[in-house]
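Here is what each chain is made of, one letter per residue.
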Amino acid sequence: MRAITVEPVGSVVGGRAEAFDDDWGTEEALIRLDGTRFEPDALAGLEAFSHLEVVFQFHLVNSSSVVTSARHPRDNPDWPKVGIFAQRGKNRPNRLGVSRCRLLAVDGLDIHVRGLDAIEGSPVIDLKPYMAEYGPQGPTSQPAWATELMSAYY
């Protein structure tokens, strides 16, 4: 495999200073685009969407904490051991997170959001408007442990 290089398009400002697992639904923060690379017109039309998909880096996760094997999600022995790619934990190989959040406002290079599960200072790799057609087509399913894990997340 060949390595890839990405440059953040911006960073998270405000919101939580530390990552903890639940109650992200009321968190408000902003995503500030890099003003050395972008002008406000890079966000033209974004305000017409209700939600965004944000790709960010779990920048405070030490590379020595990365997990590549199966484990119990949140170290809960009541839940089955599953591989890192069958869960959404932050200690993943490339330390990338993907979040869908509500778009509150666009102001210059600042994008105000609610429900973004990234913390202050997280590098934002990319953002896209959420379009329903990109959501799952047809019925979805997930194991009971995942539903239990997410019950208080937002």
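Data block above holds the structure.
Residues numbered from 1 in each chain as written. Predicted model: local features only at pLDDT ≥ 70, side-chain atom pairs only at ≥ 80, totals over all residues. Heavy atoms only, no water.

1. Details of the side chain of Gln-87
So, point 1. In this structure, Gln-87 sits in the loop between β3 (51–57) and β4 (96–107).
So, point 2. Other than its neighbours up to four places away in sequence, Gln-87 contacts Arg-71, Pro-73, Val-82, Arg-92 and Trp-145. (Helix = DSSP H or I, 4+ residues; strand = E, 2+ residues; numbered from the N terminus. Contact = heavy atoms within 4.5 Å.)

2. What to know about the nonpolar core
So, point 1. Core analysis: the largest hydrophobic core is formed by 21 residues, its most contacted members being Ile-31, Leu-52, Val-54, Ile-111, Leu-116 and Leu-127.
So, point 2. Breaking this core down by element, the ones donating at least two residues are β2 (28–33), β3, β4, β5 (110–114) and β6 (123–129).
So, point 3. Ignoring anything within four residues of it in the chain, the contact list for Val-54 reads Ile-31, Gly-97, Val-98, Ser-99, Cys-101, Leu-116, Val-124, Asp-126 and Leu-127.
So, point 4. By size, the runner-up hydrophobic cluster in this structure holds 5 residues, among which are Trp-79, Trp-145, Ala-146 and Leu-149. (Core = buried A, V, L, I, M, F, W, Y, C linked by side-chain atoms within 4.5 Å. Buried < 20%, exposed > 50% of the residue type's maximum accessible area, 1.4 Å probe, protein only.)

3. Focus: the side chain of Glu-53
So, point 1. Within the secondary structure, Glu-53 sits in strand β3.
So, point 2. Setting aside anything within four residues of it in sequence, one finds Glu-53 in contact with Ser-99, Arg-100, Asp-126, Leu-127, Lys-128 and Tyr-130.

4. Focus on the sheet that holds β3
So, point 1. Spatially, the 6 strands close up into a barrel ordered β1-β2-β5-β4-β3-β6, and their pairing is antiparallel. Neighbour-to-neighbour, the strand axes of the sheet open up by a mean angle of 45°, direction not taken into account.
So, point 2. Sheet topology places β3 next to β4; 7 bridges connect them, and they run antiparallel. When the bridges of β4 are listed, Phe-56 appears paired with Gly-97. (Pairing = 2+ DSSP bridges. Axes fitted to C-alpha atoms, helices over the stretch in contact; angles between N-to-C directions.)

5. Some details on the pairing of β4
So, point 1. Pairing between β4 and β5: 5 bridges, direction antiparallel. Counted as the bridge partner of Ala-105 is His-112 from β5.
So, point 2. Once β4 ends, the chain turns through 2 residues before running back antiparallel as β5, passing Gly-108 with a positive phi of about 65°.

6. Quick notes on the environment of Leu-30
So, point 1. With respect to the secondary-structure elements, Leu-30 resides in strand β2.
So, point 2. The buried category is assigned to Leu-30, whose relative accessible area is 13%.
So, point 3. Measuring from C-alpha to C-alpha, the distance between Leu-30 and Val-113 comes to 5.7 Å, with 83 residues separating the pair along the chain.
So, point 4. Contacts of Leu-30, omitting those with residues within four sequence positions, involve Ser-11, Val-12, Val-13, Asp-110, Ile-111 and His-112.

7. So, the pairing of β3
So, point 1. Two elements, β3 and β6, share 5 bridges in a ladder whose sense is antiparallel. Each residue of the ladder has a partner; that of Phe-56, found in β6, is Val-124.

8. As for the packing of aromatic side chains
So, point 1. Inspection of the entire model under this criterion finds 2 aromatic pairs.
So, point 2. Judged by centre distance (5.1 Å) and plane angle (75°), the ring pair of Phe-56 and Phe-58 falls under edge-to-face. The residues Phe-56 and Phe-58 share a single accessibility class, namely buried.
So, point 3. On the numbers, 6.5 Å between centres and 40° between planes, the contact of Trp-79 with Trp-145 is tilted. Of this pair, Trp-79 sits in the loop between β3 and β4 while Trp-145 sits in helix α1 (residues 144–150); the two residues are 66 residues apart in sequence, bridging distant segments of the chain. (Phe/Tyr/Trp six-rings, centres within 6.5 Å; stacked < 30°, edge-to-face > 60°.)

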